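Chains, contacts and geometry: an overview
Given next are the chains, with one letter for each unit.
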Amino acid sequence: MKPGIEHGVGIVTLTVTDAMTAHLDGHVHHRVYGTYWACYNAELAARSALEPFFDDGDNAVGSALALTHHAMAPVGATITVTATVTSVTGRRVVCSIEILHDSRVIATGTQEQVLLPTDVIEQRIQALYANH
């Protein structure tokens, strides 16, 4: 691991599409940025906050996500998702999440990842499938 992960920041900027609207089982409930997509984009931003500090063989797995969706954003809106590392305790890294449409807060929360070597993750996955 390269030094400085405690200062990591990941930013994802995207445009809301029809595919990102609030829908379940093929039924569109609301034609606005869906909470599912806010969670997905929070995970993506948090991962991008850590990856610049990885050396060969370093990796991480998501272990927790808490997100509160405060406001709506329409299709076509530009969304900025920022994940900022707020704590590093042993192998656990927590990022604060802020999702904005222009300057308006759309969602906030936290995301946690556990730092593990890629080979350890792969061994655990193989063991999972071997015991399945």
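Presented here is an overview of the structure given in this document. These numbers were taken from a predicted model, which means no experiment stands behind them.

Criteria and cut-off values
Residues numbered from 1 in each chain as written. Predicted model: local features only at pLDDT ≥ 70, side-chain atom pairs only at ≥ 80, totals over all residues. Heavy atoms only, no water. Pairing = 2+ DSSP bridges. Helix = DSSP H or I, 4+ residues; strand = E, 2+ residues; numbered from the N terminus. Axes fitted to C-alpha atoms, helices over the stretch in contact; angles between N-to-C directions. Contact = heavy atoms within 4.5 Å. Core = buried A, V, L, I, M, F, W, Y, C linked by side-chain atoms within 4.5 Å. Buried < 20%, exposed > 50% of the residue type's maximum accessible area, 1.4 Å probe, protein only. Expected span 1.5 Å × (residues − 1). Salt bridge = Lys/Arg side-chain N within 4 Å of Asp/Glu carboxyl O.

Let us look at the sheet that holds strand β5 (residues 78-89). Reading across from one edge, β1-β5-β6-β7-β4 is the order of the 5 strands in this open sheet, with antiparallel pairing throughout. The open sheet terminates on both sides in strands that have one partner only, identified here as β1 (9-15) and β4 (58-69). Across the sheet, the mean angle from the axis of one strand to that of its neighbour is 20°, orientation sign disregarded. Summarising the sheet, β5 and strand β6 (residues 92-101) pair through 10 bridges and their orientation is antiparallel. Across the sheet, Ala83 pairs through a bridge with Ile97, a residue of β6. The sheet contacts of helix α1 (residues 35-50) involve β1, β4, β5, β6 and β7 (104-117), and relative to β1 the element is tilted by about 140°. Relative to β7, helix α2 (residues 118-130) is tilted by about 85°, and along the sheet it contacts β4 and β7.

With that settled, the discussion passes to the nonpolar core. Counting 29 residues, the largest nonpolar core has Tyr33, Leu50, Ile79, Val81, Ile97 and Ile99 as the members making the most contacts within it. For this core, the elements supplying multiple residues, two or more each, are β1, α1, β4, β5, β6 and β7. Broken down by element, the residue count for this core peaks at 6 residues, all from α1. Those residues within four positions of Ile99 in sequence are excluded, and the remaining contacts are Tyr33, Ala38, Leu67, Ile79, Thr80, Val81, Arg104, Val105, Ile106 and Ala107.

Attention now moves to α1. Given a rise of 1.5 Å per residue, 16 residues ought to cover 22 Å, and the 23 Å separating the end C-alpha atoms of α1 matches this to within 8%. Restricting attention to buried positions, one finds in α1 the residues Ala38, Asn41, Ala42, Ala45, Ala46, Ala49 and Leu50. The inward-facing, buried residues of α1 contact β1, β3 (27-33), β4, β5, β6 and β7.

So, on to the pattern of salt bridges. Under the criterion given, the structure shown has 3 salt bridges. For Glu51, the salt bridge is made with Arg47, and the minimal N-O distance between the two is 2.8 Å. Classification of Glu51 by relative accessible area gives partly exposed; the value is 39%.

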